[in-house]
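Observations on the model geometry
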Amino acid sequence: MPIDSPPTPAPSPGPSMMAIVHGERPSNPLSSSDLPVGTPTSPVSPLALPQNPVLRKQYLSAVIYACTPTELLFISATIAPLLKRDFLRDLPPELALHVLGFVDEPQTLVRATQVSRWWRRLISDESLWKRLCGQYAFDEPHANIGSRNRRRGKGKMPLATDNEHMNEEVNQQPLTLLRNRSTSHPTLSFSPGLSFREYFKYSYSIMQNWHNGGHLLRAHKIPSSSNNPESGVVTSLALDEDWVVVGLANCRIHVFSARTGVLARTLVGHELGVWAVCLVHKGGFMDGAGRVSKFQDGGARSRHSEGDIDMIYSNLPNWAIGGPTTNHPNANANAAGADPPLHQFVPSSLRIALGLNPDNDSNDVDSKKYEEKERGDWGDEDWEQRSGCDVFDEDAEVDDHNMDSEGSPDDTSRQRSRYPGKPSGVSGSSEGWGQPGALVVSGGCDKSVRVWDIRSGYCIYVLRGHTSTIRCIKVLHNRPLAVSGSRDNTLRVWDVQRGRSLRILAGHTASVRCLDVCGNRVVSGSYDHTCRLWDVDTGECIHVLRGHLHQIYSVAFDGVRIASGGLDTTVRVWDAETGECKATLQGHTALVCQLQLSPTMLATGGSDGRVIMFSFPPLNPSHPHSQQSKQRHPQHNQYTQFQVLHRIAAHDSSVTALQFDHRFLVTGGNDGRVRLFETQTGNYVRDLSEPSESVWKVAYGPGAEVCVIMCKRQGRTIMEFWSLKPREEWEVERDREREKEKERLRMEEDRNMGPVLDC
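Thresholds, definitions, all that
The numbers attached to residues start from 1 for each chain and follow its sequence in the written order. Predicted model: local features are reported for residues with pLDDT of at least 70 only, side-chain atom pairs are reported and counted for 80 or more only, and whole-chain, interface and lining totals are derived from all residues. For the side-chain quantities, the full set of heavy atoms in the structure was used; hydrogens and water were omitted. Runs of E in the DSSP output that reach at least two residues are strands. Runs of H or I that reach at least four are helices, and both are numbered from the N terminus. Any residue under 20% of the maximum accessible area for its type is buried, any over 50% is exposed, and the rest in between are partly exposed; the area is computed with a 1.4 Å probe on protein chains only. Contact criterion: two residues are considered in contact whenever any of their non-hydrogen atoms come within 4.5 Å of each other. Under the convention used here, a 1.4 Å probe and the Shrake-Rupley method define accessible areas, while residue burial counts only the protein chains that appear. Strands qualify as paired when DSSP identifies two bridges or more between them. What a helix should span is 1.5 Å times the count of its residues minus one. We call two N or O atoms a polar contact when they sit within 3.5 Å, provided that within protein one can donate a hydrogen and the other can accept it, with sequence-adjacent residues counted only if both atoms are side-chain atoms. In this context, the arc is that of the directions from the helix axis out to the C-beta atoms. Salt bridges are counted wherever a side-chain nitrogen of Lys or Arg sits within 4 Å of a carboxyl oxygen of Asp or Glu. All axes are obtained by fitting lines to C-alpha atoms, using only the stretch in contact for helices, and the reported angles, taken between N-to-C directions, cover 0 to 180 degrees. Centres within 6.5 Å make a pair out of two Phe, Tyr or Trp rings, where for Trp the six-membered ring is used; the pair is then stacked when the planes are under 30 degrees apart, edge-to-face when over 60, and tilted otherwise. We call a charge positioned over a ring when the NZ of a Lys or the CZ of an Arg lies within 6 Å of the ring centre and within 35 degrees of the ring normal. Whether a crossing is left-handed or right-handed is set by the direction in which the near helix is turned from the far one by less than a right angle, anticlockwise for left-handed and clockwise for right-handed. Residue polarity is assigned by list, with Asp, Glu, Lys and Arg as charged and Ala, Val, Leu, Ile, Met, Phe, Trp, Tyr, Cys and Pro as nonpolar; anything else, Gly included, falls into the polar class. Here, the term disulfide refers to a pair of cysteine sulfur atoms separated by no more than 2.5 Å. Think of pLDDT as the predictor's per-residue confidence, scored from 0 to 100.

**A word on the overall build of the protein**
When helices and strands are counted, the protein shows 19 helices and 35 strands. Burial analysis of the protein (759 residues in total) assigns 51% to the buried set. A separation threshold of at least 6 residues defines the contact pool for the protein, and within that pool the share at least 24 residues apart is 59%. Only carbon and sulfur atoms are counted for the fraction: they give 51% of the accessible area of the protein, which is about 37,400 Å².

**A word on the sheet that holds strand E6 (residues 274–280)**
In space, the five strands of this open sheet follow the order E8-E6-E10-E11-E12, with mixed pairing throughout. With one partner strand each, in any of the chains shown, strand E8 (429–430) and strand E12 (459–464) form the two edges of the open sheet.

**Regarding helix H2 (residues 53–65)**
Taking 1.5 Å of rise per residue, 13 residues should cover 18 Å, and H2 covers 18 Å from first to last C-alpha, within 8% of that figure. The opening residue of H2, the one whose side-chain oxygen lies 3.0 Å from the backbone nitrogen of valine 54, is asparagine 52.

**Considering helix H5 (residues 93–100)**
Those residues of H5 lying buried are Ala96, Leu97 and Leu100. Buried residues of H5, seen end-on, are gathered within an arc of 95 degrees and therefore sit on one face of the element. At its buried positions, H5 is contacted by helix H4 (87–90), helix H6 (106–112), helix H7 (117–123) and helix H8 (126–135).

**A closer look at the pattern of salt bridges**
Per the stated rule, a full pass over the model turns up 15 salt bridges. A salt bridge links aspartate 495 to arginine 500; its shortest N-O distance comes to 3.2 Å. What makes arginine 500 buried here is its relative accessible area of 1%. Close ionic contact of glutamate 720 with arginine 713 constitutes a salt bridge, the shortest N to O distance being 2.7 Å.

**Section: the sheet that holds strand E29 (residues 655–660)**
Working definition: the strands of a sheet are paired by backbone hydrogen bonds and lie parallel or antiparallel to each other. The strand order across the open sheet built from four strands is E29-E30-E31-E32, with neighbouring strands paired in antiparallel fashion. At either margin of the open sheet sits one strand with a lone partner, and together these are E29 and strand E32 (684–687). Within this sheet the neighbouring strands show an average axis-to-axis angle of 20 degrees, counted without direction. When strand E31 (residues 674–678) meets E32, the two strands line up antiparallel, connected through three bridges. Bridging across to E32, arginine 675 finds its partner in aspartate 687. On the sheet, helix H10 (residues 196–212) packs against strand E30 (664–669), E31 and E32 and is oriented at approximately 75 degrees with respect to E32.

**Let's talk about the packing of aromatic side chains**
Scanning all chains against the criterion turns up 13 aromatic pairs. Judged by centre distance (5.7 Å) and plane angle (25 degrees), the rings of tyrosine 136 and phenylalanine 138 are stacked. On the accessibility criterion, tyrosine 136 (16% relative accessible area) is buried. With relative accessibility at 4%, the residue phenylalanine 138 sits in the buried group. Pairwise contacts between aromatic rings join Trp129, Tyr136, Phe138, Phe200 and Tyr204 into one cluster. If you follow arginine 471 out to its NZ or CZ, it ends over the ring of tryptophan 275, 4.4 Å from the centre.

**Examining unusual backbone geometry**
In most cases, non-glycine residues show a negative phi, while peptide bonds are predominantly trans. Its identity as a non-glycine residue notwithstanding, lysine 447 has a phi of 70 degrees, on the positive side. Its place among the elements puts lysine 447 in the loop between strand E10 (439–444) and strand E11 (448–453). According to the relative accessible area criterion, lysine 447 is partly exposed, its value standing at 37%. You will see that histidine 529, though not glycine, has its phi angle at about 75 degrees, which is positive. Relative to the helices and strands, histidine 529 resides in the loop between strand E18 (521–526) and strand E19 (530–535).

**Here we look at the packing of H8 against H10**
The contact between H8 and H10 brings their axes to 8 Å, and the two run at 35 degrees. Judged by the sense of rotation from one axis to the other, the crossing of H8 with H10 is left-handed. Of H10, the residues touching H8 (which contributes Glu126, Trp129, Lys130, Leu132 and Cys133) are Phe196, Arg197, Tyr199 and Phe200. For the contact of H8 with H10, the residue count by class is six nonpolar, no polar and three charged.

**Focus: the pairing of strand E35 (residues 716–723)**
When you tally the buried positions in E35, you get six out of eight residues, the bulk of the element. Two strands pair when backbone bridges link them, and strand E1 (residues 215–223) and E35 are joined in this way by eight bridges, in the antiparallel orientation. Residue leucine 216 lies in a different strand from E35, and its bridge partner there is tryptophan 722. When strand E34 (residues 706–713) meets E35, the two strands line up antiparallel, connected through eight bridges.

**As for the environment of lysine 422**
Examined against the element boundaries, lysine 422 turns out to sit in the loop between helix H17 (411–418) and E8. The partly exposed category is assigned to lysine 422, whose relative accessible area is 46%. Taking C-alpha positions, lysine 422 is 5.7 Å from glycine 519, a pair spaced 97 residues apart along the chain. Separated by 2.4 Å, the side chains of lysine 422 and glutamate 431 make a polar contact.

**Looking at the state of the cysteines**
Applying the stated rule across the entire model yields zero disulfides. Free of any disulfide, cysteine 251 has its nearest neighbouring cysteine sulfur in cysteine 445, separated by 8.3 Å. On the accessibility criterion, cysteine 445 (22% relative accessible area) is partly exposed.

**Comments concerning the environment of phenylalanine 196**
Inspection of the secondary structure puts phenylalanine 196 in helix H10. Take phenylalanine 196: its relative accessible area is 4%, and that puts it in the buried class. Spatially, the C-alpha atom of phenylalanine 196 lies 7.4 Å from that of cysteine 133, the residues being 63 residues apart in sequence.

**Re the confidence of the model for the protein**
Here the protein shows a mean pLDDT of 76. Residues at 70 or above account for 67%. Here residues 146–191 is a poorly scored stretch, pLDDT under 50, and it has 96 contacts once near neighbours within four places are set aside; other chains count. Here residues 289–337 scores under 50 on pLDDT; set against residues more than four positions off or in separate chains, the count is 108 contacts.

What follows is the structure in structure tokens.
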């Protein structure tokens with residue numbers, strides 16, 4: 001007889017649907033801890049859950065309400081990783097880089113590199129850092145940065161472009177970038193071997209050091225003479241990325257290393273105080289007609305370098321070995337108009353330093369011409385014309401590619417005539433004409449202009465002609481031409497490569513106090529209340545600028561506009577092309593003694609202790625500095641008239657030094673303070689040095705890496721060299737060891753003194 005199986009028991013009743021809907025917590029929830037030991041706990045299959053999304057949510061809600069706090073913590077720890085999602089990794093690299101492009105803070109990008117390797121690889125892309133370099137206006141790199149990174153072992157990184165990128169940590173395929181991503185900053189160009197990220201890090205560290213403080217490289221103390229307390233006064237200062245040149249009232253010129261602050265040379269030869277120095281940087285190229293001149297042997301510069309000079313120094317003549325100026329062949333050279341060249345008397349090593357052919361043979365065309373003149377084949381007028389204008393006249397030759405189809409100069413040539421060249425350096429240096437070493441051109445109370453070779457310390461030329469103190473000297477960029485202004489009411493143009501006077505610029509009726517150069521144009525300010533604009537190549541006075549009521553003490557010239565300030569407390573702005581006075585700027589209550597001009601701003605410093613920043617109307621769009629100024633100062637492009645941006649009560653006494661760039665303004669005063677302000681806002685940042693009795697000169701070089709302060713403390717001349725560059729690890733370790741050694745010596749000194757007994 002068949003036996004039927006018992007019916008399957010019904011499942012245990014679960015939480016009622018009404019309880020689930022109303023969110024009531026079920027009673028007596030069954031937890032995993034209530035299960036017997038050994039009961040398998042396999043995960044619930046997704047097929048066992050309701051298929052209706054609403055019912056699934058209700059079911060999960062009921063399960064969550066049935067869990068204990070410990071179980072909820074377990075669920076949270078299990079679910080949290082499942083909810084994490086790397087949105088940058090899920091995006092295409094182009095979109096991920098576009099998202100990161102909205103991050104403006106470099107600290108945020110650096111912190112984001114710690115999220116994952118993928119994020120680090122994305123943020124290492126060069127397009128991000130190139131954009132930041134343009135945003136922070138880090139667009140003036142120079143060769144020292146590349147060499148510095150090579151010394152650190154980081155010089156093997158390729159130059160980053162839009163399609164070449166650096167992978168530091170992960171050896172994977174490079175990211176695909178959006179093309180033409182950085183077209184908004186086309187002016188950025190960097191030293192080979194330096195990535196945009198490294199350059200931004202370097203420049204950002206310098207900017208932060210200006211805010212928070214650099215470190216003191218050296219502090220030189222020069223005691224003044226007891227007979228003449230003013231002998232230690234610093235009268236002039238010039239610097240570049242390699243050298244710092246300081247002229248003193250005690251007839252000496254000190255040359256320091258800009259990298260270490262160490263005294264490298266002391267140039268001795270001036271008989272009285274030095275009032276003006278100009279530093280000519282090594283390298284460069286010959287600009288204008290001098291570049292294709294018959295009188296210049298172009299191969300001399302390419303065949304010889306600084307190393308060749310050391311090999312020839314042993315053959316120096318007796319006059320060079322005995323001293324810089326002892327029995328110098330041209331020691332008594334008198335400049336009456338144009339002098340014959342004196343470079344044939346210069347030894348080979350110094351000829352190389354000047355960029356000349358070291359072989360003084362019969363192939364020297366200039367020497368042949370001089371011999372012909374001595375024989376009477378050349379008249380004085382012909383000699384002056386051929387030796388001056390033909391060699392250095394930029395207008396004498398017009399390149400074929402600057403001519404239009406009809407044979408007349410094209411727009412480029414016309415623009416060159418309106419904007420003749422690069423303005424002079426605010427730090428007192430000029431670019432060289434291809435010579436392998438740096439040179440110094442100086443003048444002073446002994447009425448002579450001297451040309452020095454920094455490497456050897458020898459005085460190459462002593463150029464005489466002025467009949468009174470020389471107050472100011474400038475050297476043109478990429479041309480061996482120096483212009484000096486004197487109290488004899490004249491300016492003189494010198495060929496410092498061949499040692500001769502080219503022409504005299506006469507017209508002022510009182511002492512020439514100041515001058516500035518741009519291209520082949522020179523602006524001079526005089527005590528006769530006028531400024532004059534000169535053509536260096538022809539000696540022509542282009543404009544006489546009249547309007548000041550008293551003596552003129554400062555001028556600035558950018559090729560388009562001329563600014564002049566004087567004893568009448570006003571600053572006048574002139575059009576260099578028409579000679580018209582465009583504006584008279586007021587605000588000072590005493591002598592205006594400091595001026596600096598930029599494409600968008602003018603900074604003035606006066607004896608009243610004030611510094612006033614004026615905005616300038618935008619330049620002509622064709623001006624070479626117009627686009628660059630728009631990127632640096634977009635907020636100033638709206639101004640169409642001269643307006644006061646900032647009135648700064650910088651000092652309690654006269655402003656003796658002033659220099660600014662697009663980020664910082666540095667001032668020094670007779671109150672003994674050196675102060676730092678923000679250029680865009682005029683806000684005070686900090687004092688750069690300890691207070692002193694008076695500050696004579698303050699300047700910083702290219703890249704704002706080194707700041708030089710010349711002041712007086714306790715009757716001594718103090719020369720401080722501050723480095724704003726990011727410090728190397730070995731430098732930090734060295735300073736730490738020095739501090740430990742000082743502390744150890746201090747403790748030994750205290751121990752040797754023993755206890756002090758009261759009597």
